[in-house]
Amino acid sequence: METDYNPMDLSNSTGIEDHSEFKEFEGTDVKDMRLEAEAVVNDVLFAVGNMFVSKSLPCAEDVAYINVETRERNRYCLELTEAGLRVVGYAFDQVDDNVQNPYHETVYSLLDSVSPAYREAFGNALLQRLEALKRDGQS
């Protein structure tokens, strides 16, 4: 199952208009990858063992690094750029130049490819959200 949305974001709002920390970027093409990385972490933290933006690897306007530990206890260092996300190391804060993994357009796609437990947690969260919407619609 490959999906490009968060089951917790099934509302009518895209959410980005409501976040004051993004106001300074309105009307510009500049992206701060640290902000993007923080948003990625917040989107999927519910479905992984641990995930955080690296404090020891450099973040810039064009790149940020995210450490993730899956529910299977596998650790990865992810690179986030305009091209997407990809695994660049198999330990926290590790970038191995010999690792040549493909870019994924979304964090959901990347995690879906490396973690069956993520896929299950994501599916369960989606099911719970749909059941809640159904209950709300019946009341």
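Right above here is the structure, for reference.
What you see is a predicted model, and the numbers here were worked out from it, not measured in a lab. (Residues numbered from 1 in each chain as written. Predicted model: local features only at pLDDT ≥ 70, side-chain atom pairs only at ≥ 80, totals over all residues. Heavy atoms only, no water.)

**With respect to the packing of helix H1 (residues 33–44) against helix H2 (residues 107–114)**
The axes of two packed helices give the description: the angle between them and the distance between them.
Point 1. Axis separation between H1 and H2 bottoms out at 11 Å; the angle between their running directions is 55°. Comparing their axes, H2 and H1 come out oblique. Judged by the twist between their axes, the crossing of H1 over H2 is right-handed. Residues Val40, Asp43 and Val44 of H1 lie in contact with H2, whose contacting residues are Val107, Tyr108 and Leu111.
Point 2. For the contact of H1 with H2, the residue count by class is five nonpolar, no polar and one charged. (Axes fitted to C-alpha atoms, helices over the stretch in contact; angles between N-to-C directions. Helix = DSSP H or I, 4+ residues; strand = E, 2+ residues; numbered from the N terminus. Parallel < 35°, antiparallel > 145°, perpendicular 65-115°, else oblique. Left-handed = near helix turned anticlockwise from the far one by under 90°. Contact = heavy atoms within 4.5 Å. Nonpolar A, V, L, I, M, F, W, Y, C, P; charged D, E, K, R; others polar.)

**Digging into the packing of aromatic side chains**
The geometry of an aromatic ring pair is captured by two quantities: the separation of the ring centres and the angle between the planes.
Point 1. In this structure the tally under the stated criterion is four aromatic pairs.
Point 2. Ring geometry for Tyr76 versus Tyr90: centroids 5.9 Å apart, planes at 65°, classification edge-to-face. Placement of the pair is Tyr76 in strand S3 (residues 75–81) and Tyr90 in the loop between strand S4 (84–89) and H2, with a sequence separation of 14 residues.
Point 3. Look at Tyr76 and you get buried, because its relative accessible area is 10%.
Point 4. Classification of Tyr90 as partly exposed rests on a relative accessible area of 47%.
Point 5. Between Tyr118 and Phe122, the aromatic rings sit 5.7 Å apart at their centres with planes inclined by 40°, giving tilted as the arrangement. Note that Tyr118 and Phe122 are positioned in helix H3 (residues 116–138) at a spacing of four residues, about one turn of the helix. Exposure class is identical for Tyr118 and Phe122. Each is buried.
Point 6. An aromatic cluster of at least three residues, connected via ring pairs, comprises Tyr108, Tyr118 and Phe122. (Phe/Tyr/Trp six-rings, centres within 6.5 Å; stacked < 30°, edge-to-face > 60°. Buried < 20%, exposed > 50% of the residue type's maximum accessible area, 1.4 Å probe, protein only.)

**A closer look at the environment of Glu38**
Point 1. Note that Glu38 resides in helix H1.
Point 2. Classification of Glu38 by relative accessible area gives partly exposed; the value is 34%.
Point 3. Once the C-alpha coordinates of Glu38 and Phe52 are considered, the two residues, 14 residues apart in sequence, prove to be 7.6 Å apart.

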